[in-house]
Every structure is written in C-alpha cells, then in structure tokens.
Amino acid sequence: MTVSTGGSANLGAYRVAERRERWLLQSLVVPGLALIGLIALAPIGWLFWMSVQGSSGFTLDHYQRLLDESYLRTLKTTFELSILVTVLSIALGYPLAYLISQARPRLAALLMLLVLFPVWTSLLVRCYAWLVLLQRRGVVNSWLQDMGIIDAPLKLMHNFTGTTIGMLHIMLPFMILPLYASMRSIDRDYMRAAANLGASPVRAFWQVFVPLSLPGLFAGIIIVFVLCLGFYVTPALLGGGRVYMWSMQIERNVTYYADWGAASALGVVLLALTLGILWAVGRLIGFDRIVGGK
Amino acid sequence: MVAVGLQATASLPISIRSITKRYGAFTALDAVDLEVDSGEFLTLLGPSGSGKTTLLMVLAGFIRPESGTVLFGERDVSLAPPHKRDVGMVFQNYALFPHMSVAGNVAYPLKLRSIPKAEVGRRVREALELVQLGTLGERRIDQLSGGQRQRVALARAIVFEPRILLMDEPLSALDKKLREEMQIEVRNLHRRLGLTTVYVTHDQREALTMSDRVAVIDGGRVRQIGRPRDIYERPDSRFIAEFIGESQFLPVVLRDGAAWLDSHRLAVERPPPTAQGAHLLVVRPEKLTVLPAADSGHGLNLFEGTVKEVVYQGESSLVYVSLAGGLELSVRRPSRGADAVPVAPGAPIRMGLAPADVVIVPAELHP
Amino acid sequence: MARTIRSAVSISVAALLLGAPAAMAQDKKVLTISSWGGAFQKAQKEAWFAIVEKELNVTIKEDNTSGIADVRTQVASGKPTWDLTTQGAYSCKLLEKEGRLEKFDDQTMKALADIPTALGRSDQCAPQIVYSVAIGWRDKAYPGKEPPGWAAFWDVKNFPGQRSVRKHPIYALEMALIADGVPMDKLYPLDVDRAFKKLEELKPHVLVWWASGAQSAQVIKDGEVDMVAAWNGRIQALESEPEGKGGKIKTTFNQQILVSDHWMIPKGAANKDLAMKAIAIMSRPEVNARISNYINYAPSNSKSYDTGVIAKEKEAGLPNSPANAKKGFIQDNQWWVDNADAMVKRFDAFLQR
C-alpha cells in the first residue's frame, strides 16, 4: 500500500478505509441473517404460499372454510382459555414475583429456583403429575373425600378446569421471570419517596410500584398469551378431549386430511392474530418499553 | 421577586436524642445527640460510611434506630412511619417517578393529602415557578436535564409545605458549575421559605457555603458542630483540621500554660488548652505570610527555612519549604502582589503566623 | 500382524462412523420397514422379521411411523426411504385412493388369498393383524355382570358410571347405531343422523374422549372411568399388569368392531420386489400366526388358527378366533374412506357444542 504524502489527498484514502471497515463489520452478520432467513422466514413464506394453493392454483377456499362453525368455536375456546390463563398467571405471578423481588438475596435465589424448577421438567411429566393429583381418584380428591370434606369427587380434570390448571402451572414462570426482572430494577428510593410524600404502603404500592412494574407485566402478558394461543399438549392431555385448541385443528388437518392448505391457513390466521395483538399492545404502551428500552 | 403563595410557614426545631443504630457489629450511629433550631440550615458533613446518611434516614423514618428519640418540635416521631412524618425530602438520585409528568410528580403529595383539584393546580404552578421550571410541567422526567430534575425534586419536596426539609447529597450528581449555581439557589430558597433544613453532604466546600451550622460526623458520632467559620478556623481536633481544608501539623508541647515549638514559646491570642504534653499546631498554608527581608515580623510567630519547590496554581502559588529539624511546611501566596517578595527554589525564606491564627489540637485523631 | 490389527481397527471405526451394522460388509440387501414401534414392533421383529431376513437373505432396517402423514410426505418426496410400512386399514385405503401405493404382483396376491377381503384386502393393502374395539370395564363397578354389547355402554341405569370413547367418529358411530338397535350386519351405509343423535345421549357420561391408546388404558386403570371403548390389546394388557386404582379390568368381545393393520409399499420404494416377497412370507398362515405368541394381536390369515402355532388358551383371547369372530363384525373401511372428512368435521362440532 502506498502512503500518500500530499496532505488532503489522505482524506479519500481514509474514507475508503473507513468504508471498507464498515462493510467488513457488517458482513459479519451475513451468516446469522442467512440462517434466520432460512429457518424462520422461509417456512413462513412457504406457509403463506400453501395456504392459498388449491388443486387448481390460487384459491381462498382454505380461508373460507375457517368461517365454519366448528372453527369459530375453536377460535373462541382458544381465546377464552388463553385469556383466562393469562389473567390467572397475573393473579398468582404478580404477588410471587413481588415476594421474590423483596426477599433477601439467598431466599430470593431459593424461591427463584422453585419457580424455575418446573421449567426444567418435561411438559409431559408435569401434565401427568397433575393428572395423578387431580383426577377423579387422584390424590387430592381421595384426600378430600377421606377427610369428609366432599362426598363426590370434584371434577378437576378432563375438562376446561384441568386444562387451565395445567397450563397455568406451565405458564407461571413465563409471567414471573419478566415481572421479577422489572421489579428488581425498581429503585428502593421510589418507594421511599412515595412514603416520604405521604403515601401509605398500600397506596405507594398501587400508585408507584405497580406502574413502574408495568413493562415487566406487559412482557409477561404477551409471552404467556401468545404461548397459550399455540398450546397443544396440555389441552390434549388434560382436556378430556373436550377442549379444542386452534393448534389441534392444525394437527387434525395435517394428520387426518393431509390438508396442508387448510392447516397452513389455520397457521397463518394464528400468526396474524398473534402479530395483531403484539401490534396493538405495542401501539398502546410502546414496544421499546416491553423489550427493555426506556 | 416572583410573588408566590408558598409562605415561610412556621418551621419546627428537631431534637435528636441519644440515637443509636447498629448493623451487626458495626455501629452506624453511636448515641447521637443533635439539636437543630427552627428555620436553621444544618449540614451533616462527613466521609462516606460516617453515619451521616443513616442519621438522615432516621429522621425521614426509613431506618428505625435501636434506641433514642427524635422530636419534631414537641412531637415525638420516633415511632411514626415515614408517610406520617410530613417532612420534605430530596433524594440523592431525585427518585422522580418516571411514570408521571413533571407536574404529576409535584402534584403527587398534594393528591395524597386530598387537596382540591384547583388548589393542586395552583400550588404546583407556584412550586414550579419557584424553582424556575414554570413552563415544563407537561414534560416527561426522562426529557429533563440533571439540573432540571434537581429542581423538580426540590419543588416536589416543598410543595406540600412541610416544616422540615431533608436533603441527601442532592447536588452530587451535577457537574461543578451547575452544582455551585444550585448551591446558591438552594440557599436562597431556604432563606425565603425559612424551612428547618438538614442537608447531607461529603463536600466540605458545599457545607461551608450553604450552612448556618455544620455538624461534622465520623464513626457514628458528631465530632464538632458549629458555624462554618468556626469549624474551619477553630477545629478542635486533628480529625476536623485534616478533614476540612488543607492542614499541616507541627508538634508542640504544652507546658506551664504556654505552647512550645522546640524552644520557642508560641505567641497566642487565646490561651492554649490547659492540657499538658505533646500537641499539634495546625498551620493552614494560606494563614502564613512570606515576609520580605526588611520586615522583622514583630509580633508574629516566625518560621525560617529553604524554598524546596514553587508550584504555580493560577490564582495562587504553593511554596514548599524545608524547616530545620526535617520538618516541612507549605505556604500559599496569592498570585497578585507575589512579585514583591520573590521566592526561588534553594533560597532562604521567612514566614510569619499571626497569634490569632494559632490553633492547637491534641495529638490523637479523635480526642 | 500389527498391520492386520490396525486395519481391523480402522474397519470397525469406519463401521461405527457410518452407523452400519457389520452385516453390511457382506453386501446383503437392506429392506427398510416402518411400524408403530414399542411392544408391537418388537413382536413383529421376533415373529416375522427374523424369518424374512433368513429366507430372503436380507437385512431389515427398522424405522418408526406415527401415521399416514409420514407416507404422504415420503411419497411426495419421490424417493421414499421405506420399502414397507404398517398403517391402519383406513389409512391404507386412503393412500390407495390417493395413488400413493405400489400394486402387488400376482404372486403376492396369491399369497394373500386366505386373508378375508372384508378386512380391506386389495392389490395394494395386505392385512397383517386383526384387533378389535371392545368394551373394557372395571370389575368392581359391575361385579359378575358382563356387558352384553354397546347398548349396555349407553345404559347408565344398569351400568352406571363414567365412560371413555375415542375422540374420533370412526368407532363411535358404529357403537351408537348398534346401541340404538341396528343389527351388526345392516350397519353400512351408516345412518349418520341417527348415530349422532344417539351419541348425544352418551355425551354427558363420557369423562374422557381419549386421544391415544395409552390414554384409553390409563383412564380405566386409574379408575377414572368405569367403562371404556378401546382396542382390545390395550385393555387385555392391563390383566397382566399390577392392578391400579380401578382394580381388576375385564374385556368382552360382545359386538366388537374388528379392524386391521395392513402392509403397504409406498409408491417409488427402492426395493418394492423384495418388499412384496416379504409380505408373502409374513402372510403365510404358519408365519402369520406367530404374532399372537408375542403380543395380544390376532393373525389376519383365516388359516392361521389351523396351524397349531397358536395355543388353545391363547386363542380364547384373540378377537378373530373362530369362537370370538362371530361375536362382532368387521368395519367397512371403504365407507370411512368416502365419508371420514365430513364425519370428523361433524364430530368436532358435536364435541365442541
């Protein structure tokens, strides 16, 4: 490489060098982008394409079929269950996350371990564990009957209730983790300031702590709700065959009818709904707040 | 001056009696007694870990002491929870609520007190005007500069007309220039509102600038309390002399009601302490005068030596001098008029210390 | 000497790397067969595959299938990895309709002659085993009472308790019609409206609509339900297991629905000729019969019971033994191939209502 000695002529060389460096750095992302494009975007594109393919080219038949009563019912069930599980996971997860965030470090670590423990256990194992506990002749019913608290066994499994319990158990960590992260980042001085300004502990909690924990709460809601929308195993195992989820319709279309078109259309609808919800929530509270911006 | 509704309300004195707080084996506050007069600006000054912030937290109610009493006026608040103490507080990091606007932050304590909406609006406006933020009410907190946040925190702390204001190193996050401006402003605000103010800082200059009185705290105890001038000019221990300002120490011996530096009897204005034995003479560099050859230095305590080094520092120079017997002293000379008596390394030098500036402290750090 | 050892080592290393069995080195043909896995595939291996390997001098490579979708995907790829696969009768008929299977040659068809056509035998589907959908019940729930048939399944007065039925219309409709009084030989074409109306009666008493064979066994074993309509092999297997909370479980073949699993060759299979030969071997009565000695499934070849391979006491537990076969009926796969889509949709709507 030649060194230019003429003062300002260097400028061009610097620019070239700078540009080359920038290109080099940016090219580092190419393998990552290619992989994401291949394993994430390509299948989605394929999904869209298949959802509008009929035996004779382009068709919207697959979407039209979704207006069928049984699909609409499934959609309703899917949303009802997802909303219910999300609401319950807030009701249980918020106090738990609060407790952990306020506990002393060692206790907090222990509690966190207990929260995370189920995540490391197989989904199937957890579902069967609930079955053993809550079915008609399960541990809980036998115990309640032996104690004379109930005469006939409670119907806790093989229905909507059982599915809700099972899904709630699986979803709870996904609510607690972002909540906990959000709560931990709330400076103790905020609560002190609120108290100093005259807020009782209860008011300080509702007026200062809760609003400041909202980013974590929204993140939790989105994660739990979106995961619920696509749930399959738990409703299939604990629902007694009654709880129809959108994902089951997809599975049914593929395995029984070999109808990739219909299954793709179902997938596209679920994806669109999910994105729609994300978009709406993002518009409502600002997406950067959820993913950890300001 | 802007006409404001925030009046100098009757402020309250504070009585701190024998407050002790321990963390395990560590004693953060060791039977602290302190009286703050009504309307007084008292600064708690001390190095980090001295217990000054702990004491402020005890006043705010965030920390419960093991023993002792705190009175606000006649009211014993020792057991009162923080939200029932009615004291304003400015936090080190301001603790402004990010989910509320500027006006929302300032209005919050008023809303908690169920003050009618119209009055809330008026008082928020007045408080913001008082801290010169009249137009920024609708801003979000994260849109403010450090100085602006400081002002909002101040407005929020006084808007509900507390009778006592606590400030925990409120200016430490600001840059030097802004900090000096705010020092004056806080001081003026205090004058106008007449609030009993307890101010915590580790910055001695800030303490000296702002306070009516300064309480120097170390090791969980109040080591000296007094007007800034007294604290600076008349430190009563080696610790205070070292901690505040530049000090150098020369060994002296107290004997027969006089102070002796080697065989020289020091000329003093006030009689030296009655104790006997080894003590230290506190010499601040700016208290020494470099004497011209012609000046006999009559009536001054004289020090003779050789100039070791001269360090130019802008508005003044610091001259390092070797004394006989291996001792060293430094003397500060204002740049203006320094030419009258030139000094150069290696040259002999004679310095005088007025009897009024003689300060003698015990040799131990904390007597 | 050292050289030999080294080359031996390198060969075995190569074999390990390729994951190839030692037999490959001898240039044997490899026949790839897929099946349901688990105990059933193990039984197939011992009863049939060992004999096929010996007679055809081939190596059988085993794989698992989870159903019809696998075959569709493989055939769609143009180069199926399987030469032979096990699928349900209905699936086989469906694949046949879709043109995704190889046709058997004459010799193979001749070998299948003694397998009843009613099981769904065709020139593309070779029934290999027979099982049935039968009633299983908890002995404690109805001591000393054997349900005479599907009417009892519906009769919650005399047989009170919870029920479990497959979450699919494929057996439920037949069960319902028989319970409603339709004779077993006059079922097809199914009176769908009547069947769903009858199912509506049973619905409140069905605690679990089971989705897998394992689940059907679990709910009766744990005593969650008192009566189940499930595959006979699943319920009978419980008899040899330690009792669960449900106590002793019994089975009856009364009004059982006989169904079968078939062999089929995915279109384009590399070794389809060998695969056909394998089918012929496994369909021979004395070979076909062997399966029942390893698992509770019945042979598809009618002559299997004459070979003496199956012990008399074993025969009593097999659904299509001469004595048991007449208690039930064989399901009409063709009707289901033509109607399954509509039925599944209607059934889904029925369950969700």
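Residues numbered from 1 in each chain as written. Chains lettered and ligands numbered in written order. Predicted model: local features only at pLDDT ≥ 70, side-chain atom pairs only at ≥ 80, totals over all residues. Heavy atoms only, no water.

Can you help me understand the arrangement of the chains in this one?
With two pairs of chains in contact, the largest contact count belongs to chains A and C. Taking C-alpha atoms as the reference, chain B and chain C come no closer than 45 Å and do not contact one another. (Contact = heavy atoms within 4.5 Å.)

Would you take a moment to explain the domain arrangement of chain B for this structure?
Quite often, the size of an interface is put as the accessible area lost when its parts meet. For chain B, the domain assignment lists domain 1 (14–233) and domain 2 (247–362). Distance from the C-alpha centre of domain 1 of chain B to the C-alpha centre of domain 2 of chain B: 40 Å. (Domains from an automatic or database assignment.)

Just to check I follow, could you spell out the interface of chain C and chain A for this structure?
In this assembly, 30 residues from chain C lie in contact with 28 residues from chain A. A per-residue breakdown of the area chain C buries against chain A is headed by Lys167, Glu224 and Gln352 of chain C, which together make up 23% of the total. If you look at where chain C meets chain A, you find two salt bridges. One can count 15 residue pairs in polar contact (both at pLDDT 80 or more) joining chain C with chain A. Sorting the residues of the side of chain C that touches chain A by element identifies α3 (68–77), β6 (206–210), α9 (213–221) and α15 (333–352) of chain C as the ones contributing at least two each. Residue classes in the side of chain C that touches chain A are distributed as 12 nonpolar, six polar and 12 charged. (Buried area = accessible area lost by both parts, 1.4 Å probe. Salt bridge = Lys/Arg side-chain N within 4 Å of Asp/Glu carboxyl O. Polar contact = N/O pair within 3.5 Å; in protein donor to acceptor, adjacent residues only side chain to side chain. Helix = DSSP H or I, 4+ residues; strand = E, 2+ residues; numbered from the N terminus. Nonpolar A, V, L, I, M, F, W, Y, C, P; charged D, E, K, R; others polar.)

Honestly, the state of the cysteines in this entry has me stumped. Any pointers?
Linking two cysteines covalently through their sulfur atoms gives a disulfide. Counted by the stated rule, this structure contains one disulfide over all chains. There is a disulfide in this structure between Cys92 of chain C and Cys125 of chain C, and the S-S distance comes to 2.0 Å. On the sign convention where negative means left-handed, the S-S torsion of about -105 degrees between Cys92 of chain C and Cys125 of chain C marks this disulfide as left-handed. In this pair, Cys92 of chain C is assigned in helix α4 (residues 89–98) and Cys125 of chain C in the loop between α5 (106–111) and β4 (126–138), connecting sequence segments 33 residues apart. Here the two residues Cys92 of chain C and Cys125 of chain C agree in accessibility, since each one is buried. Counting only cysteine sulfurs, Cys127 of chain A is the nearest neighbor of Cys228 of chain A, a cysteine outside any disulfide, at a range of 12 Å. You can call Cys228 of chain A buried: its relative accessible area is 0%. (Disulfide = S-S within 2.5 Å. Buried < 20%, exposed > 50% of the residue type's maximum accessible area, 1.4 Å probe, protein only.)

So what exactly am I meant to see when it comes to empty space enclosed by the protein here?
The rolling of a water-molecule-sized probe over the atoms marks out the regions of remaining empty space. Residues and elements named next belong to chain B. With the rule as written, the count across this model stands at five cavities of 30 Å³ or more. Reported here for the largest cavity is a volume of approximately 80 Å³. If you trace the largest cavity, you find it lined by Tyr232, Glu233, Arg234, Pro235, Val282, Val283, Arg284, Lys287, Asp357 and Val359. A breakdown of the residues in the lining of the largest cavity according to their chemical character gives five nonpolar, no polar and five charged. (1 Å grid on protein atoms, 1.4 Å probe; cavity = no way out; pocket = protein on both sides within 12 Å on 5 of 7 lines; lining within 4 Å. Points joined across faces, edges and corners; volume = space filled by probe spheres on them.)

Explanation requested: the interface of chain A and chain B in the structure shown.
Between chain A and chain B, the residue contacts involve 20 residues of the former and 23 residues of the latter. Regarding the contact of chain A and chain B, the summed buried area is about 1,800 Å², with carbon and sulfur atoms giving 63% of it. Contact with chain B buries surface across chain A, with Arg192, Asn196 and Leu197 of chain A losing the most and accounting together for 38% of the total. On the surface where chain A and chain B come into contact, there are zero salt bridges. There are seven residue pairs in polar contact (both at pLDDT 80 or more) connecting chain A and chain B. Within the residue set of the side of chain A that touches chain B, elements represented by two or more residues are α9 (188–196) and α10 (201–229) of chain A.

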